[in-house]
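Residues per chain, in single letters:
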Amino acid sequence: MPTATDALVVVDKVNKHFGELHVLQDIDLSVARGEVIVVIGPSGSGKSTLCRAINRLETIDSGSITIDGQPLPQEGKALAGLRADVGMVFQSFNLFAHKTILENVTLGPIKVKKVAKKEADAQAMALLERVGVANQAQKYPAQLSGGQQQRVAIARSLAMKPKVMLFDEPTSALDPEMINEVLDVMTSLAHEGMTMIVVTHEMGFARKAANRVVFMADGRIHEESDPETFFTSPTSERAKDFLSKILTH
C-alpha cells in the first residue's frame, strides 16, 4: 500500500448515490506513482462510477479525492487543468469525426496547453507511432477499425502528458480480434511506468500488467491484493464467487 507521500491518487471515504442507489460506499483507495491498478468486479459494482469520479465526470456526495496532493476542483479553469493531468479512455472512442487522426491528437495540446502547431504535430506523430497507427494520421476516425480508433484515443490522452491514465472498460466495445492490439499498448504503457487505473473484464491483462487488483462489488471494495494472490487465493466470499463464475469458461 502506498504511503500518503508517494500516493498520486488518493480516494478517501468517498460516497456517491444515484437516487436511492448507494453506488460508492466509503471507498478508500491509494494509487502510488507508477502503479497499475486493475479494478474488476460484476456489472453494477461501481467500478465505472469510481473511475469517472476520479476525473470529476461524476460528482461525489462525501469524502475527498486528491490528485498529486491537490483536491479535485469544482469547475472552471482548475478543472480543465486537472483533466489535463488525468487522461481518460472510455469504452467508446469519443474521437471527433470531422477531424483527422492527427488533428484529434493535437487538439488538446494546441488548445489547452498552447503548444505550437509544428511541435504538437511532431509529438502527435511520435505518439501515433508508439501506438502503431502513424500511417493513419491523415485519415478520419470512420476510416479506422475500432481497435485503431481506441489506440488513437490512448495517443490523444498521452498527448496531454497526464500524470495518471484512467481506462474505463477500454476494450468492451471491440471485436475480439482487436482487443489484444489495445491491451498490448496498455501493457507497454504499464511497463514504461505510467500510473494507471484500469476498469476491465480482461483477466489476462490484470494478471500480466497489474501491480494490484481491486475487487469491487455492490459499491464497495471487498478485496485488494497482487494479481497472483487474488487469482489463486482470494479471501472474500464475493471475490471467490465472482472468480468461480468467470474462470471456469
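Residues numbered from 1 in each chain as written. Predicted model: local features only at pLDDT ≥ 70, side-chain atom pairs only at ≥ 80, totals over all residues. Heavy atoms only, no water.

## Digging into the UniProt feature "domain: ABC transporter" (unreviewed entry) in the protein chain
Following the UniProt record, one finds the feature "domain: ABC transporter" (unreviewed entry) at residues 9-243. Strand forms 26% of residues 9-243 and helix 39%; the C-alpha atoms that close the span are 27 Å apart. (UniProt positions renumbered as here; feature names shortened; annotations may be inferred. Helix = DSSP H or I, 4+ residues; strand = E, 2+ residues; numbered from the N terminus.)

## Here's the deal with the nonpolar core
Counting 50 residues, the largest nonpolar core has I40, L128, I154, M165, F167, M186 and M196 as its most contacted members. Looking at this core element by element, the count peaks at eight residues for helix α6 (residues 176-191). Aside from chain neighbours lying at most four places away, what touches M165 is G87, V89, I154, S157, L158, L189, M194, T195, M196 and I197. V31, I37, A53 and I65 belong to the second-largest nonpolar core, a separate cluster that totals 28 residues. (Core = buried A, V, L, I, M, F, W, Y, C linked by side-chain atoms within 4.5 Å. Buried < 20%, exposed > 50% of the residue type's maximum accessible area, 1.4 Å probe, protein only. Contact = heavy atoms within 4.5 Å.)

## Remarks on the packing of helix α3 (residues 101-111) against helix α5 (residues 146-158)
It is at 8 Å that the axes of α3 and α5 come closest, and there the two elements cross at 25°. In terms of axis orientation, α3 runs roughly parallel to α5. Our pair here, α3 against α5, has a crossing hand that is right-handed. Only V152, A155 and R156 of α5 make contact with α3, whose side of the interface consists of I101, N104 and V105. Among the residues forming the contact of α3 with α5, the class breakdown is four nonpolar, one polar and one charged. (Axes fitted to C-alpha atoms, helices over the stretch in contact; angles between N-to-C directions. Parallel < 35°, antiparallel > 145°, perpendicular 65-115°, else oblique. Left-handed = near helix turned anticlockwise from the far one by under 90°. Nonpolar A, V, L, I, M, F, W, Y, C, P; charged D, E, K, R; others polar.)

## Focus: the side chain of S236
In this structure, S236 sits in the loop between α8 (227-232) and α9 (237-246). Owing to a relative accessible area of 13%, S236 belongs among the buried residues under this scheme.

## A word on the sheet that holds strand β2 (residues 21-32)
Across a sheet, strands are paired by hydrogen bonds formed along the backbone, either parallel or antiparallel in direction. With antiparallel pairing, four strands are arranged side by side in an open sheet as β2-β1-β4-β5. If you trace the sheet from one side to the other, it starts and ends with β2 and β5 (70-71), each paired once. In the sheet, strand β4 (residues 62-67) pairs with β5 via two bridges, with the strands oriented antiparallel. Paired with I67 across the bridge in β5 is Q70. (Pairing = 2+ DSSP bridges.)

## Quick word on the layout of surface pockets
Here the largest pocket is characterised by a volume of approximately 480 Å³. Along its surface, the largest pocket is lined by 21 residues, and R83, M88, R156, S157 and M160 are the ones closest to its centre. Elements represented by at least two residues in the lining of the largest pocket include exactly α2 (76-85), β6 (86-89), α3 and α5. In terms of residue count, the dominant contributor to the lining of the largest pocket is α3 (five residues). Across the lining of the largest pocket, the residue classes break down as 13 nonpolar, six polar and two charged. A53, R56, T59, I60, G63, S64, I65, T66, P71, L72 and Q74 together form the lining of the second largest pocket. At four residues, β4 tops the list of elements feeding residues into the lining of the second largest pocket. (1 Å grid on protein atoms, 1.4 Å probe; cavity = no way out; pocket = protein on both sides within 12 Å on 5 of 7 lines; lining within 4 Å. Points joined across faces, edges and corners; volume = space filled by probe spheres on them.)

## A closer look at the packing of α3 against helix α4 (residues 117-130)
For the pair α3 and α4, interaxial distance at closest approach is 9 Å and the crossing angle is 125°. By the angle between their directions, the pair α3 and α4 is classed as oblique. Once α3 is placed against α4, the crossing between them reads as right-handed. Seen from α3, the contacting residues are I101, L102, V105, T106, P109 and I110; seen from α4, they are K117, A120, D121, A124, M125 and L128. Its residues assigned to classes, the contact of α3 with α4 comprises nine nonpolar, one polar and two charged.

## Observations concerning α3
Among the residues of α3, I101, L102, N104, V105, T106 and P109 are the ones counted as buried. In this structure, the buried residues of α3 make contact with α4 and α5.

## Some details on the packing of aromatic side chains
Each aromatic ring pair is specified by the distance between its two centres and by the angle formed by the two planes. Taken as a whole, this structure holds three aromatic pairs when the rule is applied. Taking 5.3 Å as the distance between ring centres and 50° as the angle between the ring planes, the aromatic pair formed by F215 and F242 counts as tilted. Of the two residues, F215 is situated in strand β9 (residues 212-217) and F242 in helix α9; the sequence distance between them amounts to 27 residues. Of the two residues, F215 and F242, both sit in the buried class. Of the aromatic side chains, those joined through ring pairs into one cluster are F215, F230, F231 and F242. (Phe/Tyr/Trp six-rings, centres within 6.5 Å; stacked < 30°, edge-to-face > 60°.)

## Details of the sheet that holds β9
Strand order in this open sheet of six strands is β6-β7-β8-β3-β9-β10, and the pairing throughout is mixed. Lying at the two open borders of the sheet, with one neighbouring strand each, are β6 and β10 (220-225). Looking at each pair of strands side by side, their axes are set apart by 20° on average, direction ignored. Sheet topology places strand β7 (residues 164-168) next to strand β8 (residues 195-199); five bridges connect them, and they run parallel. Looking at the pairing, L166 lines up with I197 of β8. Its contacts with the sheet put helix α1 (residues 47-54) on β3 (36-40), β6, β7, β8 and β9, and the angle it makes with β7 is roughly 150°.

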